[in-house]
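# Notes for the structure review
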Amino acid sequence: MIRSFTFYSHMITKHFSRPTTRRLIPFIAGGFLISLATNHSIRAQSAQEEQIVVTGEEVPSAYGAPPGLSRSRFSNTVNAYVLPPWSFFFGELFEGAGFRHGPPDYLFTQEVEMGLPYRFNVAAETGLERFNGGGGVQTVSLEARWALADWNKIPLNPTIFAEYKFGVGTIRHEEVPPPPGGGEEEESGPPKVPDAYEVRLLLAQDFFERVEWAMNWFFEKENTGDRGREWGFSQAALMPILLPNERLKVGIEMQYRNLTVKDTRGDPLHSFTIGPTVAWKPTAQTRLDISPLFGCTAGAPVADVFVAFSWLFGAERAEAEAPVSTRFRYYTGDGLADSHSGKEMKQVAPPPCPEWYGDREWNVNLWGTYAFTNTEFAPNPSLVDIVQSTSEGGPVLGTYDRYIGGDHAWGGGGDIKYFFCRYAGLGVEGFALDASKPGFDIFEDQAVPIFIHRRINHNHTVGAVLGTLTLRYPIPCTRLAPYAWAGVGAIFGGGERDALHTQGPPDAFAVNAQTEHFGSETKVLGQFGAGLEFRFSRHVAMINDLSFGVIDGPKNNFGMFRSGLNFAF
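First, a word on what this report is: a plain description of the structure on this page.

Cut-offs and rules
Residues numbered from 1 in each chain as written. Predicted model: local features only at pLDDT ≥ 70, side-chain atom pairs only at ≥ 80, totals over all residues. Heavy atoms only, no water. 1 Å grid on protein atoms, 1.4 Å probe; cavity = no way out; pocket = protein on both sides within 12 Å on 5 of 7 lines; lining within 4 Å. Points joined across faces, edges and corners; volume = space filled by probe spheres on them. Helix = DSSP H or I, 4+ residues; strand = E, 2+ residues; numbered from the N terminus. Nonpolar A, V, L, I, M, F, W, Y, C, P; charged D, E, K, R; others polar. Buried < 20%, exposed > 50% of the residue type's maximum accessible area, 1.4 Å probe, protein only. Pairing = 2+ DSSP bridges. Axes fitted to C-alpha atoms, helices over the stretch in contact; angles between N-to-C directions. Salt bridge = Lys/Arg side-chain N within 4 Å of Asp/Glu carboxyl O. Phe/Tyr/Trp six-rings, centres within 6.5 Å; stacked < 30°, edge-to-face > 60°. Contact = heavy atoms within 4.5 Å. Patch = residues over 30% accessible without salt bridge, like charges linked within 9 Å, V, L, I, M, F, W, Y side chains within 5 Å. Areas by Shrake-Rupley, 256 points an atom, 1.4 Å probe, with all protein chains shown as cover. Core = buried A, V, L, I, M, F, W, Y, C linked by side-chain atoms within 4.5 Å.

## Notes on empty space enclosed by the protein
Counted under the stated rule, the structure contains five cavities of 30 Å³ or more. Considered as a void within the structure, the largest cavity measures approximately 160 Å³ in volume. Of all elements in the fold, only β22 (361-373), β23 (408-421), β25 (450-472), β26 (480-494) and β31 (558-568) reach the threshold of two or more residues within the lining of the largest cavity. Its residues assigned to classes, the lining of the largest cavity comprises four nonpolar, five polar and six charged.

See below:
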């Protein structure tokens, strides 16, 4: 969008002092840029009136902050400030870490963040990991942040960040090597990812109307397990090299981490990585960030590569992101004000907001889904051990999910809903999962004698049908509608199991044993969740949500991610 405005330009001279050298890595990295924010001043002003054509795109900007600093994720490892009220940030982050020894570790993070009034943000995040041939969901996080003041009211624009992580998977890769003689897996399998909390101090500033900088100081603590502690900082500085709409920015990014567990408090692992970062905006609302960071310490990965794709949209009002030379002159109220002269230019009133959601409408949703179980099949015990332990009265069968079977399943489904008012609707939902469950087949008869023991796999389709109640809130003047729903119904096709019956002494090679196979069961299913709908048009939308299903006992419950299309009539 192109607008022509009359500005009063000002020549601003800034001076700065050189920071002193620090011996420790965190202070070396942060000292220089922090000193710039605390020492720059305005020495002289001269104004002349000129006509400037600003090529700007309508993207949200929060509380007077430059749009590039109010996107939630400033770069791959750094967050900055807050989002504008009622705007939404979607991010997909990939991290691939290559180590000096052993296979690489791949992490995938999905995040959804919403801006709220009074400089608040809330967010949800899911972390998945792929390591050494195995993979699955590791954590589900809830986040909140609050900026202490509007932009440039406090130096470095401090923002408080808090996060709580729920561990839902098993530990696949230990960041800190276990102590000698420790770290062995128990019979029940690898340890579960512990819950953890994290707090951060987010700092951000722009310098010379050319450089954008952000820095995060963080502290994270695990609640159980080896009670890992991690503290450190990450920071990045970016400069636009394609000024129209700032489509391309380049800079430098770094991260320092200090990690310990309960057995290594006096001998922390130091990880410092640094490298270039590039931010490219294919459109006004989307951005692609790439940061190849390289290890500088013995405890750091050889290379830690980040790639993030983000999408920012929403907010009833937006401010134009213009070339660097003019982007910090924001328009407020009903006109455009020059911050120094106080003069104001009248603007054309915006057209009425379109209605994306109807007061009464039918919704038909089609979606794909990923389900993850509350417990993970990890032990894979020896079949001889199963016979031995069963004959002794304590079968070793592991902690696997009792209904779906494995640690995850892929599938799809759909639902149809009728919204009898703008905010509430009733519907019917159905889905199917392609599930797989390990099992065994054992037959031992001392009279023959014969001992057959083999592993089998129960491949099955798990299906469910539910009645649902959905509550939604279409945000005025946006295409967005957060929603929540709950449903009750039946789930079928799962619950297959194998039971071993033994007769004789507690000796795996002197007992009679036979496996009994049980088929699928139908259970009552309760499900509840929340998500976000985005309308491309009045009749077509995208939906993304997270839900939890409750079947019968904690070893049957599961979570489910859904993503798909909604057709409204």
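## Re the pairing of strand β12 (residues 211-222)
Burial of β12 is extensive: nine of the 12 residues sit out of reach of the surface. In this sheet, β12 lies alongside strand β11 (residues 196-207) in antiparallel orientation, the contact comprising 12 bridges. Looking at the pairing, R200 lines up with F218 of β12. Hairpin connection of β11 to β12: three residues between the antiparallel strands, including F208 at a positive phi of 60°.

## With respect to helix α2 (residues 383-391)
Burial in α2 covers these residues: L383, I386, V387, S389, T390 and S391. Looking one or two residues beyond α2, the residue adopting positive phi is G393, at roughly 90°.

## Let's talk about the sheet that holds strand β15 (residues 269-280)
Read once around its circumference, the closed barrel built from 12 strands follows the order β6-β7-β8-β9-β10-β11-β12-β13-β14-β15-β16-β17, with strand pairing classed as antiparallel. Within the sheet, the average angular offset between the axes of one strand and its neighbour, ignoring direction, is 20°. Sheet analysis places β15 next to strand β16 (residues 286-295), joined by five bridges and oriented antiparallel. Bridging across to β16, V278 finds its partner in I290.

## Observations concerning the pattern of salt bridges
Overall, the coordinates contain 20 salt bridges when judged by the stated rule. Notably, a salt bridge pairs R257 with E230, separated by 2.7 Å at the nearest N-O pair. With R257 in strand β14 (residues 248-260) and E230 in strand β13 (residues 229-242), this residue pair connects regions lying 27 residues apart in the sequence. Judged by its relative accessible area of 13%, E230 is buried. One salt bridge connects R454 with D441, and the closest N-O pair in it is separated by 3.1 Å. Highlighted residues: R454 in strand β25 and D441 in strand β24 (residues 424-445), separated in sequence by 13 residues. The exposure class of D441 is buried, given its relative accessible area of 18%. Here the salt bridges share partners, and the residues they tie into one network are E163, K165, E198, R200 and E220.

## Regarding the packing of aromatic side chains
Under the definition given, this model contains 19 aromatic pairs. A centroid spacing of 5.4 Å and a plane angle of 35° characterise the contact between F372 and F561, whose relative ring orientation is tilted. One end of the pair, F372, is in strand β22; the other, F561, is in strand β31, with 189 residues separating them in the sequence. Between F528 and F548 the ring centres are 6.4 Å apart and the planes differ by 35°, which places this aromatic pair in the tilted class. Placement of F528 in strand β29 (residues 521-535) and of F548 in strand β30 (residues 540-550) is noted, with a sequence separation of 20 residues between them.

## Examining the side chain of T470
Topologically, T470 is positioned in strand β25. A relative accessible area of 5% places T470 in the buried class. Non-local contacts of T470, meaning those with residues more than four positions away in its chain, are made with K417, F419, Y423, A424, G425, Y483, A484 and W485.

## Regarding unusual backbone geometry
Residue V448 is joined to P449 through a cis peptide bond whose omega torsion reads -15°. Relative to the elements of secondary structure, P449 occurs in the loop between β24 and β25. A positive phi angle, near 50°, is found at Y63, a position not held by glycine. Tracing the backbone shows Y63 in the loop between β3 (57-59) and β4 (72-73).

## Side note on a nonpolar patch on the surface
Where nonpolar side chains cluster on the molecular surface, the patch consists of Y118, F120, W146, L148, I154, I160 and L201 and spans about 630 Å² of accessible area. Take I160: it is sitting in strand β10 (residues 159-167).

## Section: the nonpolar core
I404, F431, L433, I491, L525 and F558 are the most contacted members of the largest nonpolar core, which totals 19 residues. Elements represented by at least two residues in this core include exactly β22, β24, β25, β26 and β31.

## Some remarks on the environment of F518
Here F518 lies in strand β28 (residues 512-518). Separated by 20 residues in sequence, F518 and D498 have C-alpha atoms that sit 6.1 Å apart. In this structure F518 touches E496, R497 and A499, once residues within four positions along its chain are discounted.

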